[in-house]
Amino acid sequence: MKKSRKYFQNVVITGVVAWLVLFVFMPNLMIIATSFLTRDDAHLVKMVFSLDNYTRLFDPLYAEVLLHSLNMAVIATLCCLVIGYPFAFILARLPERVRPLLLFLLIVPFWTNSLIRIYGLKLFLSTRGYLNEFLLWTGIIDTPLRIMYTPEAVILGLIYILLPFMVMPLYSSIEKLDKSVLEAARDLGANKLQTFIRIIIPLTMPGIVAGSLLVMLPSLGLFYVSDLLGGAKNLLIGNVIKSQFLNIRDWPFGAATSICLTLVMGILLYIYYRVGKLMNKKVELE
């Protein structure tokens, strides 16, 4: 029995490792290798080593796109945090019999493809969409608002897609709050604002950081949101990678851009690791 169990464990582990090597490690290794090669019109890639693909990233045009992507990702993350924190806090304070239903309603949108949902949002925000029709019908506006193909439309799309990724970590952190700590703060004379700033926010900081990363990292690469809602003037770094591979056919530069995006994500993950470590150390000291 023990031998068969051990054999089964070895088979499962071997299968998982083989899957990771074939479909994670090898593709990433190919992308890294391609980023140091040269573009070839006939065969896409020429086996000539070059660093030009990385030096091109310092071109003001691509640097501006990267900064623009980071700016929009940060704004979308802050908006998700402002919307998601009160929602998660109220959700965690509701009776236990109600929470599963609300969590279910929060997760339901994941059952529909995000691209289809973005098309639905496009219909909602368009000049002749439901939002403008409603505002015109109520008399709030006289002429349709131009929302589509603006940075605000892209940010709305990112919030619409990624808000649940912010709410879930926040809900998990808020639900685990020790009520005795809050009662102690109240007994010591702290008002609601002081309790929130000095106790609740520090204790829920891991959830804030985790939710922020879960929103910010995908925000940099959701190129179809920018394509459908933002137009050509509101590009994300994911749009540059997509166009290099599919339109311009410059695979080496597209690979170098994706490596740059991966490094940015790695830096953000390292910041999350350091913040989590500092927060755990602070809790232990207290």
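Residues numbered from 1 in each chain as written. Predicted model: local features only at pLDDT ≥ 70, side-chain atom pairs only at ≥ 80, totals over all residues. Heavy atoms only, no water.

J.: When you look at the domain arrangement of the protein chain in this model, what are you seeing that I'm missing?
T.: It is common to report an interface's size as the accessible area lost on association of the parts. Entries for the protein chain in the domain assignment read domain 1 (1–35) and domain 2 (50–285). Taking the mean C-alpha position of each, domain 1 and domain 2 sit 32 Å from one another. Together domain 1 and domain 2 conceal approximately 460 Å² of surface at their shared face, both sides included; 68% is due to carbon and sulfur atoms. By the criterion of area lost to domain 2, the three top residues of domain 1 are I31, T34 and S35, representing 90% of everything that side buries. Joining domain 1 to domain 2, the criterion identifies zero salt bridges. (Domains from an automatic or database assignment. Buried area = accessible area lost by both parts, 1.4 Å probe. Salt bridge = Lys/Arg side-chain N within 4 Å of Asp/Glu carboxyl O.)

J.: It is not clear to me how the UniProt feature "transmembrane region" (unreviewed entry) in the protein chain should be interpreted in this structure. Could you clarify?
T.: When the UniProt feature table is mapped onto this chain numbering, "transmembrane region" (unreviewed entry) sits at residues 12–37, 65–89, 101–120, 153–174, 195–217 and 253–273. Helix and strand shares over residues 101–120 are 70% and 0% respectively, and the end C-alpha atoms of the span are 24 Å apart. Taken end to end, residues 153–174 is 100% helix and 0% strand, and its first and last C-alpha atoms sit 31 Å apart. (UniProt positions renumbered as here; feature names shortened; annotations may be inferred. Helix = DSSP H or I, 4+ residues; strand = E, 2+ residues; numbered from the N terminus.)

J.: Looking at this model, I keep getting lost on the packing of aromatic side chains. Mind explaining?
T.: Any pair of aromatic rings gets described here by the distance separating the centres and the angle formed by the planes. Taken as a whole, this structure holds nine aromatic pairs when the rule is applied. Pairing F223 with Y224 gives two aromatic rings, centres 6.1 Å apart and planes at 85°, and the pair type is edge-to-face. Members of the aromatic cluster, each reached through a chain of ring pairs, are F36, F49 and Y54. Above the face of the F253 ring, R56 is positioned so that its terminal group lies 3.9 Å from the ring centre. Lying across the ring of Y160, R117 places its NZ or CZ 5.9 Å from the centre. (Phe/Tyr/Trp six-rings, centres within 6.5 Å; stacked < 30°, edge-to-face > 60°. Lys NZ or Arg CZ within 6 Å of the ring centre and 35° of its normal.)

J.: Sorry if this is basic, but what is going on with a nonpolar patch on the surface here?
T.: On the surface, L101, F104, L105, I107, F110, W111, F165, M168 and L214 cluster together into a nonpolar patch covering about 850 Å² of accessible area. Taken together, the elements giving at least two residues each to the nonpolar patch come down to α4 (99–107) and α7 (151–175). (Patch = residues over 30% accessible without salt bridge, like charges linked within 9 Å, V, L, I, M, F, W, Y side chains within 5 Å. Areas by Shrake-Rupley, 256 points an atom, 1.4 Å probe, with all protein chains shown as cover.)

J.: Quick question: what am I supposed to make of the side chain of R117 here?
T.: The topology assignment puts R117 in helix α5 (residues 114–125). Buried within the structure, R117 lacks any salt-bridge partner; its nearest side chain of opposite charge belongs to D227, at an N-O separation of 17 Å. There is a polar contact of 3.2 Å between the side chain of R117 and the backbone oxygen of P109. (Buried < 20%, exposed > 50% of the residue type's maximum accessible area, 1.4 Å probe, protein only. Lys, Arg positive; Asp, Glu negative; His and termini not counted. Polar contact = N/O pair within 3.5 Å; in protein donor to acceptor, adjacent residues only side chain to side chain.)

J.: What's the story with the environment of L22 in this structure? I'm lost.
T.: Relative to the helices and strands, L22 resides in helix α1 (residues 2–34). Between the C-alpha atoms of L22 and S50, which are 28 residues apart in sequence, the distance is 26 Å.

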